[in-house]
Amino acid sequence: MKKDIEPGMAFNIKKLNKIFAFLSFIFLVSVIWVFLDDYIRPWKAFQIEAMNIKREKISEKLKLAEEKLDKKKKEEVLAEIEKGKALAKSRVQDIRKVEKRIMELKKEIKAETIINGTLNSQVAALTFDYGVAHTNHAPNAKSLFKTMSHKKRLFAESRDRMKDLDGRFKKAQKRLEELKKEQIVAEKELKALTGSIDLLRQAKAQTDMNGIFVIRNAPLIDFLDPTLKIQQLVLTDVTDDRYFQHVPKVDRCITCHTFIDQKGYEKEKNPFKTHPNLDLMVGLKSHHPMKRFGCTSCHGGEGHRVTDFSSPAHTPQNEEQKKEWVEKYNYHPPHKIAQPMYKKGQTEAACIKCHQGVEFIPQGTVVNEGQRNIEKFGCYACHKIEGWEHKRKPGPGLKKIASKVSKEFFKNWVWDPKKFNKHAKMPSFFGLDNNKDPKFMKKNIAEVNAIAEYLFDKSADYKPFKTFSGGNAERGKNLVKEIGCMGCHGVEGFEDISDKIDAFAGPHLTGTGSKVNPDWLVSWLKKPTHYQEDTIMPSFRLTDREANDITAYLMSLKNRQFESLEFEKLDTKVRDEILITYFSAFDTLAVAKKKLDSMSDRERTLELGHRSVGKYGCYSCHNIDGFEGRAPIGPELTKVGSKPLTQFGFGHEHDVEHSRDGWIKAHLLNPRRWDNGIDKPFKDLLRMPDFDMTEEEANSITIALIGQVADKIPLSGIKRLDAHEQIAADGMKVVNKFNCIGCHQVDGVRGDILKMYDEDINEGPPLLVGQGHRVQADWFHHFLKDVYPIRPWLKVRMPTFNLSNEERNAIVSMFQAKEKQQTFVDNKVRVQWEPGERVAAKKLFDSLACASCHTAGFNNEEATAPNLYFAKRRLRPSWIKKWLANPQAILSETVMPNFWEDGEATEPSILDGDPKKQINALTKYLIEIGHDFLPDSQTKYWETK
């Protein structure tokens, strides 16, 4: 045993005491450290800074209010208060007497209230008991009735005493007010004078960081009534999926974003800045109030976590911001968060999950542009997206391809569309990063040859019904610009206009003379449905001369370099090698070779063509015989915004940001990049083509796609369309399908071609504002089927679309539903004139010179406004009145004058100068002179009979 160890002890106690003391100290420090770490939260610093900002704002308002205060008036009011107090002092005996009486009355009222309540409950109980006893003929029914009657009498007497006491109490109060009248009046005046200043001082006092503030927020006491505390919103309209259980979303973002819903902080730095659009978001009266939708419903992230800057899953906009955050907040990317916050500029992606079943999301500028580009590039054709099923195939039908283009043109086009037309929407499949190797290109050449043979073999017979007889190319060029072709097509020769409009419903018209034959083109222009029944290309009701002139211009657009290309002939050895690969996928090599040997040379080519059409998904964009009903070739994108990041293959592309939007944008810009550095066989190469889209286009599509999430939103949180909105949404699908918005601006949406008419928008297609109120439903339905010129002075031409009856009804119903109008107007009702009213109406019509613009049927001058004889069947009377009262309120750019500006009549001598009477009389006059028939395309505009 060692000397320093006491007998019976295994260890040296002195040494143990030192060790325990050291460990106790470490434990104490750890406890204090844990406590401080829990207490000193970063969000508290933000709230303190917010209080300082608020204090400064209030001080500014207080200073301004005090400067505006009428000090002289204040002194006068204070003097009046002192006078009032002096008068009250002289009446002190009377005041004390009344106050004493008021106190006594209060006591009496309180006592009587108790008596009254007790009697009321007793009467109720006895009434019930008596009712039961009387019904059952109980022996105590009479005694109960006697007692009940007695209590009712007492209750009535008590109620009378209460009324008497209330009357005496009010009388005493009134007497007290009379005795203090001068003082009370002066004090009210002072409150009115300095009330706002007093409120500002109270608000400023709440931002004081004094001793009380320190005590309220001190450790161990701050649970009672702290000034600094976590603020949160509990949302029932939006939920979070927590371990397969949907729970109300909890957002604590406002703990730091303290002024997000308050005006006046727009110039502050984040997180103290006001939301940029309080009328749309966050504001109490906005469409998305903060207390109902919170923050993370739109921004994403983990709103319930406010431990530090990284915990809510903030996402930097770019690398520069990321570096700033790392240095400032010790930021680290939220790798384990399923849905991090959207980056700045991407927030509109969240609109999609709540706004479903509509073509355009109101005020969704960014997301609408993304969805427009999805439609432009036809992404929905290869990839299923729920809600896009109604969209037409973006490419032309190939069922009669042999009658439209040559086989040589087709091969060169498929091989490299951009070589023929740099604006082509047809993407590039070949010569890309993963298949530009010569050994792969040989196989691609074989596939293109086979596709051409297959499609031309399947092509149905077609013979143009018109023959090109020659035309004036210059006149044709002017017609292309004037009649409205550029609402759907970009056109060579008008690059500056085409780039501005960015039309995509139809192909960009360049090199057309090297693509089609003139007989096909002139027949197509005259009647597009003659070639393709389901085309959206309308008829412009062209004369033979106009069709030939346009054909002459388009046929003059040549691509000589493309014409000179000769596509490499089919290598049968390579063809057979590819087929062996297909056949041996589920059979042995011997069986595959035997199957190949049993086929003729032509059969082999057509087999490869059929399989190649399926491999590259040509049928997704084009109607092709034999591929009806096939599912799209690409993966579904309906929930791609919630797809786990681990399921995105980044391959060896280390320069791509490791995020959903990073991968999607990179993929859109170069779909084949993921094969870089990977040794793959030909059959396994990635096949998504290159659309040659700009970075801006890829970015907008990315935003739209990351909004396609799997979130389940409760019905109360989703924008549920009412009956009118649903009809309008269904109609907009038809409007969008036929690209009506390429020419017309529908209640502020699109109207692409109007960019041509910067100098005078009235020279372009009319703006369709309140169209459902403007026109009658039966006229509109008829007009869509049989178009006639309403504004013949315009060069742009309303075409005739190949609309079904259901589609015409959908469009008419859409406009009608938007304005909540009745379907029909009774056109057979005879106008009832007041005495002298018709004469006054005619006089007013002449005085206002209506026929100087609306000349049709009145004189032989050139018309610059619609034919008023057709107004009866076309316009709704209620709209005519609204239009006459203030045309500029409906269409600010209209040249129609306002004859009743500021509610004053231009002609005060007619109908007593009463604007309402004058407008009503003019409306009656237009209805009376109007035609009862509906015009058609054969009706001359100037006809009045």
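Before going into details, it helps to say that this report is about the structure given with it.

Conventions adopted
Residues numbered from 1 in each chain as written. Predicted model: local features only at pLDDT ≥ 70, side-chain atom pairs only at ≥ 80, totals over all residues. Heavy atoms only, no water. Buried < 20%, exposed > 50% of the residue type's maximum accessible area, 1.4 Å probe, protein only. Helix = DSSP H or I, 4+ residues; strand = E, 2+ residues; numbered from the N terminus. Arc of directions from axis to C-beta. Contact = heavy atoms within 4.5 Å. Polar contact = N/O pair within 3.5 Å; in protein donor to acceptor, adjacent residues only side chain to side chain. Disulfide = S-S within 2.5 Å.

**Points about helix H17 (residues 473-482)**
Side chains of residues three or four places apart in an α-helix project in the same direction, reflecting 3.6 residues per turn. Looking only at H17, the buried set comprises Gly476, Leu479 and Val480. End-on, the buried residues of H17 take up no more than an arc of 100 degrees, which puts them together on one face. In this fold, the buried residues of H17 make contact with helix H20 (544-555). One side-chain oxygen of the residue at the start of H17 lies 2.9 Å from the amide nitrogen of Glu474, identifying that residue as Asn472. Phi turns positive, to about 115 degrees, at Gly484, one or two residues after H17.

**Structural notes on the environment of Leu235**
The topology assignment puts Leu235 in strand S1 (residues 233-242). Accessibility expressed as a relative area gives 0% for Leu235, which makes it buried. For the pair Leu235 and Arg292, spaced 57 residues apart in the sequence, the C-alpha separation amounts to 6.0 Å. Filtering out sequence-adjacent residues up to four positions away, Leu235 remains in contact with Pro248, Lys249, Asp251, Met290, Lys291, Arg292, Phe293, Gly294 and Ser297.

**What to know about the state of the cysteines**
Summed over the entire model, instances satisfying the criterion amount to 0 disulfides. The closest cysteine sulfur to the non-disulfide-bonded Cys253 is located on Cys295, 4.1 Å from its own sulfur. With no disulfide of its own, Cys379 lies 8.6 Å from the sulfur of Cys382, the closest cysteine sulfur.

**Some points on the side chain of Arg604**
Here Arg604 shows up in helix H24 (residues 601-616). With relative accessibility at 14%, the residue Arg604 sits in the buried group. A distance of 3.3 Å separates the side chain of Arg604 from the backbone oxygen of Met599, its partner in a polar contact. When neighbours within four sequence positions are excluded, Arg604 is seen to be in contact with Arg575, Asp576, Leu579, Leu596, Asp597 and Met599.

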